[in-house]
2 protein chains.
Amino acid sequence: MKNSLYFNIKVEEGIFDKIVAEQKSIGYYTLPEQDISYLLNYLEEFKSKNDYDAIKDIAIIGIGGSSLGPKAIFRALQGIRDFDKRLHLFESTDPASIRSTLNKLDIKNTHFFVISKSGTTIETISVYKYVISLLKTKDIPLDYRFTFVTDDGSKLEAHAKTFNSFVLHIPVNVGGRFSVLSAAGLAPLFLAGVDIQRLLDGALAIKQSFFEDGYIKETLLKKATYYAKNSMNYNINTLFAYSESLDSFTDWYVQLWGESLGKKQRHSSFNVGLTPVGLIGPKDQHSFLQLIVEGLRDKSVTVLKIENFDDKIKIPAITLKELEGLDLMNGIAFCDLINMQADSTIEALLDKKDIPIDTITLQHIDEENIGKLIYYYELLTSLVGQMMNVNTYDQPGVESGKKILEGKLLEERKNFPPKKGK
Amino acid sequence: MKNSLYFNIKVEEGIFDKIVAEQKSIGYYTLPEQDISYLLNYLEEFKSKNDYDAIKDIAIIGIGGSSLGPKAIFRALQGIRDFDKRLHLFESTDPASIRSTLNKLDIKNTHFFVISKSGTTIETISVYKYVISLLKTKDIPLDYRFTFVTDDGSKLEAHAKTFNSFVLHIPVNVGGRFSVLSAAGLAPLFLAGVDIQRLLDGALAIKQSFFEDGYIKETLLKKATYYAKNSMNYNINTLFAYSESLDSFTDWYVQLWGESLGKKQRHSSFNVGLTPVGLIGPKDQHSFLQLIVEGLRDKSVTVLKIENFDDKIKIPAITLKELEGLDLMNGIAFCDLINMQADSTIEALLDKKDIPIDTITLQHIDEENIGKLIYYYELLTSLVGQMMNVNTYDQPGVESGKKILEGKLLEERKNFPPKKGK
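Residues numbered from 1 in each chain as written. Chains lettered and ligands numbered in written order. Predicted model: local features only at pLDDT ≥ 70, side-chain atom pairs only at ≥ 80, totals over all residues. Heavy atoms only, no water.

- An unreviewed UniProt entry lists chain A under the name Glucose-6-phosphate isomerase, with Sulfurospirillum deleyianum as the source organism.
- Annotation of chain A in UniProt includes, under Subcellular location (unreviewed entry), the sentence "Cytoplasm".
- The Sequence similarities (unreviewed entry) comment attached to chain A in UniProt states, word for word, "Belongs to the GPI family." (UniProt positions renumbered as here; feature names shortened; annotations may be inferred.)

Spelled out as structure tokens, the structure:
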């Protein structure tokens, strides 16, 4: 992984030490070094209770931090490899979406993950109830059909223990949006055939490079300083990834960045924040690029490139009648074209002089590089959060909506008392 | 369609007259009244040359304005109806994406649309060459397998006429991102089984309401005035749609808004623009909402709700051991839950007092309502563009990147001369 900044700034002093100090209480920092034997044991037990090869579908019932991470990684790797198993996500209460996801899977041969840190996420439990009820209607046994990933001691864990199922924990001091390298992300990915050790190895490489004076330290510190210092004028950060396989990665980035940095500042009531926008090239050259090039100067741009694509299919060297002028592309590999497009965008933006740009180049899409990318963004988020003087790891702003919803549900209950559950 | 604004402003004078004047030269305004007999003739001819029922896959080779519109509409309608045919999009040069789209379709029974206003879009022609070459390799006849939608007299049209194929035109004064209600959007949708007349009827209803002093006129004028006047402080506009089926609609909105309004002002070199962000509820309550609630006050929010969902599946009235506290949702339809979630978000945001909010309620997802929504957003874009004093209909900012890419391709050609095409 390479990261080149096309802007300069003096790094804020003391910020590195703050991150070193923060490490002791924030759990995600230690995830790269975790011993995955608990997951090896889990898989072994899983195989002793289920016909592993017969399971073709893995479905995650989860939302936000419980779905975006594994989805991002699986989707990226699908671009380079065929998996035996498919991964599905139940991450909405939209009935059309629930039904369409159900239609895609062979429910008899599906293993379900129910992932909720608190264990009481309304969307997750609602869909879980629907799935339980459906399985019962179809007389499909529930035994060992579910893996629950939740906080140690949550009500969901207590529930899980009332029947034969698997339970894994999210470490207490690891927040949902930083949980992709915990059991929440690793367990479903491991079951689906992802090399999770290499994911962690990639993350560890970035961690070491940052904490042990490696190449990424200065770059991350500069980039974070620039973003934090300019958060009032460049209040939007765009991540422009030149690979369709990274479209769910950008969704993961949007949650991480937005939910971590959109906060009231500590010791003040001032609202601060940086708005993340995920873009995919070359598609969004035909959509969002005009706004970056000629619009208000409120955006920084990170262009993310893949150096080596596995697939070398070429634009055929054929001349189309009346379109002879377009023979220019003949014989060029699509992967070279997409990288030329990325480079052209970078050059065009650099020409403007007043758009802060940096480029990240991954050698390849694979577990190790995705692990690097994830940890890079987590570190960057922590750094910017420290500099903007916010609590990067909470999300108090979503509580009021939850309380209002509970009120509405209680009101509904008064008007239409529920039938007795069984 | 209802639109309620929770903010007030005095409408800028003279703006309505400017739109009335603009109508004469900008083609999209007249699309709702178009006579669709040319498309009826097209379908009839299509059926005389192809076995219509045998065609299961329709693939659009196009990018930006040539793919986002039909994708948005088809995806929305798929939420309420099963279609006999599937719609696929080739909208990238990413080799993994090209291959994965090809894997999803039965190429022998696929009809291809090649959609490019200019007729020379590099991405589109590159993929088209790949498809042509693949069909030849597989000895699949090309006769009547393609429909080309392009400007009258383009080189692509000349090419189309060199073999048996269908050709339709995008009216000259209709730009790509405003072309969804022209042949570019209507033809593939019609072939896929969409009731395009009802789409146009919906658009016409909004058009008449706006131009003939109906309910939407004052609302649109106020909203546009507010957005334009506050474009420097509220520089981000979020569209928060509570329906998964509208996820591609938000992509369409992002292109329309960003590419139309991100411009240098007329008679000045000042960069202005409004940044669109598409969100989907309740998913993005667990991602982006924290940033809206507690972050920098730089965002307006439009919450889009569907009043009636077709699917009435309910949360089963079962009590889960150890999770008795979550019986609150028992027996509630998912569609009611999602709307309660939308209302809770609206209330929580209104409590903040300093976030400009409006709500759009569609009675239902169907052709007519989607037609209304499209035309509503097109009109809003035109109004804001006029008030911000930009040319809403061009996109000069993307030209420099294209020129740089051509230079790179020429350079590549010098180093590796292409084999002679055949």
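On we go.
## Focus on the interface of chain B and chain A
Moving on, step 1. Listed by partner, the interface residues are 116 residues for chain B and 116 residues for chain A.
Moving on, step 2. Of the roughly 10,400 Å² buried between chain B and chain A, counting both surfaces, carbon and sulfur atoms make up 65%.
Moving on, step 3. The interface formed by chain B and chain A includes six salt bridges.
Moving on, step 4. Note that Glu347 of chain A is salt-bridged to Lys408 of chain B, the shortest N-O span being 2.5 Å.
Moving on, step 5. Here chain B and chain A share 45 residue pairs in polar contact (both at pLDDT 80 or more) between them.
Moving on, step 6. Counted by class, the side of chain B that touches chain A contains 50 nonpolar, 36 polar and 30 charged residues. (Contact = heavy atoms within 4.5 Å. Buried area = accessible area lost by both parts, 1.4 Å probe. Salt bridge = Lys/Arg side-chain N within 4 Å of Asp/Glu carboxyl O. Polar contact = N/O pair within 3.5 Å; in protein donor to acceptor, adjacent residues only side chain to side chain. Nonpolar A, V, L, I, M, F, W, Y, C, P; charged D, E, K, R; others polar.)

## A look at the relation of the copies chain B and chain A
Moving on, step 1. The two copies are related by a screw motion: chain B maps onto chain A through a turn of 180 degrees and a shift of 0.0 Å along the axis, at an RMSD of 0.0 Å. Overall, the copies show the geometry of a two-fold rotation axis. For chain B, the smallest separation between a C-alpha atom and the rotation axis is recorded for Val277 of chain B, amounting to 3.7 Å. (Least-squares fit on C-alpha atoms with pLDDT ≥ 70 in both.)

## Considering unusual backbone geometry
Residues and elements named next belong to chain A.
Moving on, step 1. With omega at -5 degrees, the peptide bond leading from Gly281 into Pro282 counts as cis.
Moving on, step 2. Mapped onto the elements of the fold, Pro282 is located in the loop between β10 (275-280) and α11 (289-294).
Moving on, step 3. Here His267, not a glycine, exhibits a phi torsion of approximately 60 degrees, which is positive.
Moving on, step 4. As for its placement among the helices and strands, His267 is situated in the loop between β8 (263-264) and β9 (271-272).
Moving on, step 5. Backbone geometry at Asn389 places phi at a positive 60 degrees, although glycine is not the residue there.
Moving on, step 6. Within the element layout of this structure, Asn389 appears in the loop between α13 (367-387) and α14 (399-415). (Helix = DSSP H or I, 4+ residues; strand = E, 2+ residues; numbered from the N terminus.)

## As for the UniProt feature "active site" (unreviewed entry) in chain A
Moving on, step 1. Summarizing the sequence annotation, UniProt attributes the feature "active site" (unreviewed entry) to Glu259, His286 and Lys402 of chain A in the numbering used throughout. A stretch of 144 residues holds the annotated residues, and the largest C-alpha distance among them is 37.8 Å, long enough that they do not meet in one place.
Moving on, step 2. A polar contact is formed between the side chain of Glu259 of chain A and the side chain of Arg177 of chain A, at a distance of 3.2 Å.
Moving on, step 3. Beyond its immediate chain neighbours, meaning those up to four positions away, His286 of chain A contacts Ile63, Gly64, Thr121, Glu123, Gln255 and Glu259 of chain B.

## A short note on α14 of chain A
For an α-helix the count is 3.6 residues per turn, leaving residues at separations of three or four pointing the same way.
Moving on, step 1. Taking 1.5 Å of rise per residue, the 17 residues of α14 of chain A would be expected to cover 24 Å, and the 25 Å separating its terminal C-alpha atoms lies within 8% of that figure.
Moving on, step 2. Of all the residues in α14 of chain A, the buried ones are Gly401, Ile404, Leu405, Leu409 and Arg413 of chain A.
Moving on, step 3. Where α14 of chain A is buried, its residues contact α5 (122-137) of chain A together with α12 (334-350) of chain B. (Expected span 1.5 Å × (residues − 1). Buried < 20%, exposed > 50% of the residue type's maximum accessible area, 1.4 Å probe, protein only.)

## Thoughts on the domain arrangement of chain A
Residues and elements named next belong to chain A.
Moving on, step 1. With domains assigned, chain A is organised as domain 1 (2-21 + 199-396) and domain 2 (28-194).
Moving on, step 2. Of the residues lining the interface, 35 residues belong to domain 1; the matching set on domain 2 comes to 28 residues.
Moving on, step 3. Counting the surface lost from both domain 1 and domain 2, the interface buries some 2,700 Å², and carbon and sulfur atoms represent 64% of this.
Moving on, step 4. Here domain 1 is connected to domain 2 by four salt bridges.
Moving on, step 5. Across the pair Glu33 and Lys207 runs a salt bridge, and its minimum N-O distance is 2.8 Å.
Moving on, step 6. Scanning the region where domain 1 abuts domain 2 turns up 15 residue pairs in polar contact (both at pLDDT 80 or more).
Moving on, step 7. Listed by contribution, the elements that provide at least two residues to the side of domain 1 that touches domain 2 are α8 (196-211), α10 (247-261) and α13.
Moving on, step 8. Considering each element in turn, the side of domain 1 that touches domain 2 owes the most residues, nine residues, to α10. (Domains from an automatic or database assignment.)

## Remarks on the pattern of salt bridges
Moving on, step 1. Counting across every chain of the model gives 50 salt bridges over all chains.
Moving on, step 2. Between Asp311 of chain B and Arg99 of chain A there is a salt bridge, with its nearest N and O atoms 2.4 Å apart. Linking Asp311 of chain B in the loop between β11 (299-308) and α12 with Arg99 of chain A in helix α4 (residues 95-104), this pair reaches from one chain into another.
Moving on, step 3. Of the charged contacts in the structure, one is a salt bridge between Lys299 of chain B and Asp298 of chain B, with a shortest N-O distance of 2.8 Å.
Moving on, step 4. For Lys299 of chain B, a relative accessible area of 3% translates into the label buried.

## Here we look at the sheet that holds strand β7 (residues 236-241) of chain A
Sheets are built from strands that pair by backbone hydrogen bonding, the pairs being arranged parallel or antiparallel.
Residue and element names in this part refer to chain A.
Moving on, step 1. Spatial ordering of the open sheet is given by β1-β12-β11-β7-β10, a layout of five strands whose pairing is mixed. Bordering the open sheet on either side are β1 (2-5) and β10, each of which pairs with just one other strand. Strand-to-strand twist of the sheet, defined as the mean angle between neighbouring strand axes without regard to direction, takes the value 20 degrees.
Moving on, step 2. On the sheet, helix α9 (residues 215-229) packs against β1, β7, β11 (299-308) and β12 (357-364) and is oriented at approximately 45 degrees with respect to β1. (Pairing = 2+ DSSP bridges. Axes fitted to C-alpha atoms, helices over the stretch in contact; angles between N-to-C directions.)

## Structural notes on the nonpolar core
Moving on, step 1. Ranked by size, the top nonpolar core spans 233 residues in total, and within it Tyr377 of chain A together with Tyr377 of chain B carry the most contacts.
Moving on, step 2. Residue contacts for Tyr377 of chain B: discarding those within four places in its chain leaves Lys223, Leu239, Phe249, Trp252, Tyr253, Leu256, Thr302 and Ile360 of chain B.
Moving on, step 3. With 39 residues, the next largest nonpolar core counts Leu328 of chain A together with Phe112, Leu142 and Leu409 of chain B among its residues. (Core = buried A, V, L, I, M, F, W, Y, C linked by side-chain atoms within 4.5 Å.)

## Side note on the packing of helix α10 (residues 247-261) of chain B against helix α13 (residues 367-387) of chain B
All names here are of chain B.
Moving on, step 1. Between α10 and α13, the shortest axis-to-axis distance is 10 Å and the interhelical angle comes to 20 degrees. On the basis of their axis angle, the class for α10 and α13 is roughly parallel. α10 and α13 meet at a crossing whose hand is right-handed. Across the interface between the two elements, Phe249, Trp252, Tyr253, Leu256, Trp257, Ser260 and Leu261 of α10 pack against Leu373, Ile374, Tyr377, Glu378, Leu380, Thr381, Val384 and Gly385 of α13. (Parallel < 35°, antiparallel > 145°, perpendicular 65-115°, else oblique. Left-handed = near helix turned anticlockwise from the far one by under 90°.)

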